[in-house]
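# Residue-level structure breakdown
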Amino acid sequence: MPFCPLLLSVFLTLLTNPFVIPFEDKQNLTREDVSHIQSLLRKQDVNSTLEKLYMQKIGVFFELKPLGEFEGRINRCMQQVLIDPLRGQYPETNLVKINKGGKHCFVVSCPLGNKYPPLLQSLIEGLKEIGFDGHIYYRIGGVPNPTGQEAKWAGVPYAFKIFMMMEAHNLGFDKIIWLDSALFPFKDPLPLFERIEKEGSFLLHRSHPRSSILPSTLLSIETLTGVDLTESPHVRMWVFGLDAGAPWAKKFFRDYTEMVRLGFPFISCFPEEYVLSGLVKKYAKHFPALQDPTLVPKQGYGKVVKTHDGDSENFWRAKEEGYMFVVRGH
């Protein structure tokens, strides 16, 4: 029987999102709500769904990464610490003015109780020291909930990144860049925002890592976006920015939220990156950086970010070589 994208799309809408939790839509979340969300996430079983899909390798002529790697990635948000009253750790949300402030805003988020909060705080200090003028909106623990419906999708792996950007837009910012909390700045990142001013977006990309996505996941993304991921650049989410005030960005956010609602497109080793790779390609005319060959790993991300490196000598060499950001070990 020939493959029918329309039938698959209808079928996907009938499936139950394996990540969704039974939490009613609510705009303002209390600590009790966050605690309840966390307990619901701990009870959620996505591995049984993953195992069934993992066995469906029809048409795959390459080796997939081990099942355990898929399990580790798609369970990451299920196991994250959102709140920990026993240790006196509660969600923290803040909008910080960096130096003179301004219209440019970074967004960052991390869970509680691990090595990420200190990395996030040092990232803020680093931005201050290099002279960046703008804001940084961050969360430590808790869940982003920009329209009041996203809390029930807190378990969708890494979906929070775009939801954080939506929250920053709700605060009045248009030029917004997501940063990984493991990044550390060596140079004023104003040129990234200038690029968004000029082109409407900014991103990093590499070639398609095909062993990290299940055939069913690949097919679902391609059906929903109309994009052949195997022929498209793979978006890296260490740094990702756009003009959230542009009319097309509203459609982009809407399409992204629909993918989160379905859940299945996020079953991979790089959950949000594959989904965004499909959406970015769908909106390719608004992402000129897709055509920029300097924004791929082998060429150093155009002096934006260097690969993981715990060696202090190489860490500081990256500064000497002119990198804007370096990814610290985490």
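As the structure is a computational prediction, the values presented were derived from the model and not from experiment. (Residues numbered from 1 in each chain as written. Predicted model: local features only at pLDDT ≥ 70, side-chain atom pairs only at ≥ 80, totals over all residues. Heavy atoms only, no water.)

Now for the sheet that holds strand β2 (residues 104-110). The six strands lie next to each other as β1-β3-β2-β4-β7-β6, forming an open sheet whose pairing is mixed. Looking along the sheet, the strands with just one partner apiece sit at the ends: β1 (92-98) and β6 (201-206). Averaged over all adjacent pairs, the angle separating strand axes in this sheet is 20°, with direction ignored. Lying over the sheet, helix α8 (residues 190-199) contacts β2, β4 (175-179), β6 and β7 (234-243), oriented at roughly 130° with respect to β4. (Pairing = 2+ DSSP bridges. Helix = DSSP H or I, 4+ residues; strand = E, 2+ residues; numbered from the N terminus. Axes fitted to C-alpha atoms, helices over the stretch in contact; angles between N-to-C directions. Contact = heavy atoms within 4.5 Å.)

Turning our eyes to something else, we now look at the sheet that holds strand β9 (residues 325-327). Strand order in the open sheet formed by three strands is β5-β9-β8, and the pairing between neighbours is mixed. With partners counted over all chains shown, the strands left at the sheet margins are β5 (183-185) and β8 (305-306), one partner each. Pairing geometry for β5 and β9, over three bridges, is antiparallel. Across the sheet, Phe184 pairs through a bridge with Val326, a residue of β9.

So, on to the environment of Ile213. Tracing the chain through its elements places Ile213 in the loop between β6 and α9 (215-225). We classify Ile213 as buried; its relative accessible area is 3%. Sequence separation of Ile213 and Lys65 is 148 residues, and the distance between their C-alpha atoms is 8.4 Å. The contact partners of Ile213, leaving out residues within four places of it in the chain, are Leu64, Phe70, His208, Leu218, Ile221, Leu229, Ser268 and Tyr274. (Buried < 20%, exposed > 50% of the residue type's maximum accessible area, 1.4 Å probe, protein only.)

At Asn99, a residue that is not glycine, the phi angle is positive and equals roughly 55°. With respect to the secondary-structure elements, Asn99 resides in the loop between β1 and β2. For Tyr158, which is not a glycine, the phi torsion comes out positive at approximately 65°. Following the sequence through the fold, Tyr158 ends up in the loop between β3 (134-140) and α7 (160-170).

Judged by nonpolar contacts, the single largest core of 105 residues is most densely connected at Val239, Phe240, Phe252, Tyr256 and Phe287. In contact with Tyr256, other than residues within four places in its own chain, are Tyr158, Ala159, Ile162, Phe163, Phe266, Val275, Leu276 and Leu279. Judged by nonpolar contacts, the second largest core, of six residues, contains Phe315, Ala318, Tyr323 and Val326. (Core = buried A, V, L, I, M, F, W, Y, C linked by side-chain atoms within 4.5 Å.)

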